[in-house]
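These are the residues of each chain, in order.
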Amino acid sequence: MEYRKINGTDSSPSLLGYGCMRFPEKDGKIDEEKSIAMLKDAVDGGVNYFDTAYIYHNGASESFIGRFLKEHSGLKRDEFYIATKLPTWEVNSLDDAKRIFAEQCERLQVETIDFYLLHDLKIDRFEKMEQLGVYDYCRELQRQGKIKHFGHSSHENSENFNKIINARDWDFVLLYLNYMDSNVGSDNYKMYEAATAKGIPVFCMEGIKGGSLANLPDNILTHFELIHPNDTPSAWALRWVGSLGNVKVILSGMSDKSQVKDNLKTLSGFVPLSDFEQDAIERVGVDLRKRVRNNCTGCNYCMPCPMGVNVPWCFSIWNTYGIYENRGHSNWEWGMVGKESLPSNCSECRKCMKICPQNIDIVSDLKKCQSELDGLKW
């Protein structure tokens, strides 16, 4: 396993970090037998970084990983790193932050949390945490030795992300990075560049895009198979992230033993992508983007719809399904759209079509969108 030292510290986490939000489940709860077996394989393969959060698995993830590390891993306390996150949306007072941190330490059965993050820190939440004194409280915990490294995870845009990292010092950040959403010039890549320019170590989430990059159409997979016929699409995705020089940890939410085995193989004795391999990934990205159902850019010119249809949201889900054909994820996203926002509410007034810069036949496409995405549940 490759280990990447955090500059200025004695911490050297494994390049492959175990993301603890997608353990296999049984009867709605973590399947502990299967999960322990997978975690043991990861430990045997050199993984020493385990990332969880207060909310994962409905609050059960922290307690489970705490018990695993203490009772089943065979690791001493100084041989692993535990990361967890403060749910900023649930913090309405400094006492809330103090209570949750104490509960997390109890769940994890540790006195020190190695990497502590403000979870999903959007600009409004950052401002609220500042007003409540949460940042200063976490730094005080760090001075007391109860936190080793303090950072935040972000799904923000680059403009707001820059405001956050320039307003305060951060030991590390956890960013969403993969070769489809984070190509050079994209908003995600700008965030990576901004953190790197400030000397902030970057940890990566969604390197395989929630599994969407793990299974590619055969005609697109050919780009990879011609070079490395035995490497999985997941391996290519992880190597793309690992080739970014400032990425220290790549989280993978492994949910079966085959994924653990493949990820260990990829990130043990890590080899950065060559220029030739980078070109192959570029070709895969181009071909995948061609699979969109229509050319909606999410410009919002069509909004608001007089009938309440959230046209850009619906088309975004539809286009994402077209690219990756990830039925489970797209069905979950479709279920998040409220009934009042569905295409079925369209009255065919066609006002949106008169102002669409892409000249999309919105009325017709809304019908196709509703039909195809409704069919995912069967």
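Residues numbered from 1 in each chain as written. Predicted model: local features only at pLDDT ≥ 70, side-chain atom pairs only at ≥ 80, totals over all residues. Heavy atoms only, no water.

## A closer look at the overall build of the protein chain
The number of helices and strands found in the protein chain is 15 helices and ten strands. The C-alpha radius of gyration computed for the protein chain amounts to 22 Å, which stays within 12% of the reference 21 Å derived for 378 residues, consistent with globular compactness. Viewed in the frame of its principal axes, the protein chain has a C-alpha envelope of about 65 × 55 × 45 Å. Looking at the protein chain as a whole, 52% of its 378 residues are labelled buried. Only carbon and sulfur atoms are counted for the fraction: they give 47% of the accessible area of the protein chain, which is about 17500 Å². Within the protein chain, the 53 negative side-chain charges are centred at a point lying 2 Å from the centre of the 45 positive side-chain charges. (Helix = DSSP H or I, 4+ residues; strand = E, 2+ residues; numbered from the N terminus. Rg over C-alpha atoms; globule rule 2.2 N^0.38 Å. Buried < 20%, exposed > 50% of the residue type's maximum accessible area, 1.4 Å probe, protein only. Areas by Shrake-Rupley, 256 points an atom, 1.4 Å probe, with all protein chains shown as cover. Lys, Arg positive; Asp, Glu negative; His and termini not counted. Charge placed at Lys NZ, Arg CZ, Asp CG, Glu CD.)

## A word on the pairing of strand β1 (residues 16–19)
By the alternation rule, side chains of β1 split into L16 and Y18 and G17 and G19, which are all buried. As paired strands, β1 and strand β4 (residues 49–51) are joined by two bridges and run parallel to one another. Looking at the pairing, G19 lines up with D51 of β4. (Pairing = 2+ DSSP bridges.)

## Describing the side chain of H119
Within the secondary structure, H119 is located in strand β6 (residues 113–119). In this view, H119 contacts A53, I55, Y56, K85, L86, P87, T88, W89, R125 and S153; residues no more than four positions away in its chain are not counted. (Contact = heavy atoms within 4.5 Å.)

## A look at the side chain of R239
Locating R239 in the fold gives a position in helix α9 (residues 233–242). Here the side chain of R239 touches P272 through a polar contact of 3.2 Å, landing on its backbone oxygen. Sequence-distant contacts of R239, that is, excluding residues within four places in its chain, are made with H228, T266, F270, V271, P272, L273 and E277. (Polar contact = N/O pair within 3.5 Å; in protein donor to acceptor, adjacent residues only side chain to side chain.)

## Details of the packing of aromatic side chains
A complete count under the given rule lists 16 aromatic pairs for this structure. Taking the centre distance of 5.2 Å and the plane angle of 85° together, the rings of F115 and F172 count as edge-to-face. Separated by 57 residues along the polypeptide, F115 in strand β6 and F172 in strand β8 (residues 172–176) bring together distant segments of the chain. You'll find F115 and F172 in the same group, each marked buried. Here F115 and F203 contribute two aromatic rings whose centre-to-centre distance is 5.4 Å and whose plane-to-plane angle is 50°, an arrangement assigned as tilted. (Phe/Tyr/Trp six-rings, centres within 6.5 Å; stacked < 30°, edge-to-face > 60°.)

## Here's the deal with the packing of helix α2 (residues 61–71) against helix α3 (residues 94–108)
It is at 7 Å that the axes of α2 and α3 come closest, and there the two elements cross at 40°. On the basis of their axis angle, the class for α2 and α3 is oblique. Packed against α2, whose contacting residues are E62, S63, I65 and G66, the element α3 presents Q104, R107 and L108 at the interface. Taken together, the residues that form the contact of α2 with α3 break down as two nonpolar, three polar and two charged. (Axes fitted to C-alpha atoms, helices over the stretch in contact; angles between N-to-C directions. Parallel < 35°, antiparallel > 145°, perpendicular 65-115°, else oblique. Nonpolar A, V, L, I, M, F, W, Y, C, P; charged D, E, K, R; others polar.)

## Focus: the sheet that holds strand β10 (residues 247–252)
Strand order around the closed barrel formed by eight strands is β1-β4-β5-β6-β7-β8-β9-β10, with parallel pairing between neighbours. If you compare each strand with its neighbour and ignore which way they point, the axes differ by 30° on average. Sheet analysis places strand β7 (residues 147–154) next to β8, joined by four bridges and oriented parallel. Directly across from S154, in β8, lies its bridge partner L175. Sitting on the sheet, helix α10 (residues 257–267) touches β1 and β10, and the angle it makes with β1 is about 155°.

## Focus on the pattern of salt bridges
This model, assessed by the stated rule, comprises 23 salt bridges. A salt bridge links D10 to K148; the nearest nitrogen and oxygen atoms lie 3.7 Å apart. Of the two residues, D10 is situated in the segment before β1 and K148 in strand β7; the sequence distance between them amounts to 138 residues. K148 gets classed as partly exposed once you look at its relative accessible area, which sits at 36%. Note that D96 and R99 form a salt bridge whose closest N and O atoms lie 3.5 Å from each other. Residue D96 and its partner R99 are located together in helix α3, separated by three residues, close to a single helical turn. By relative accessible area, which is 16% here, D96 ends up buried. One connected set of salt bridges, linked through shared partners, spans E62, E103 and R107. (Salt bridge = Lys/Arg side-chain N within 4 Å of Asp/Glu carboxyl O.)

## So, helix α1 (residues 32–44)
End to end, α1 covers 18 Å across 13 residues, agreeing with the expected 18 Å (1.5 Å per residue, within 8%). As for α1, its buried residues are in contact with β1, β3 (29–30), β4, α2 and α10. Two residues or fewer after α1 comes G46, characterised by a positive phi angle close to 105°. (Expected span 1.5 Å × (residues − 1).)

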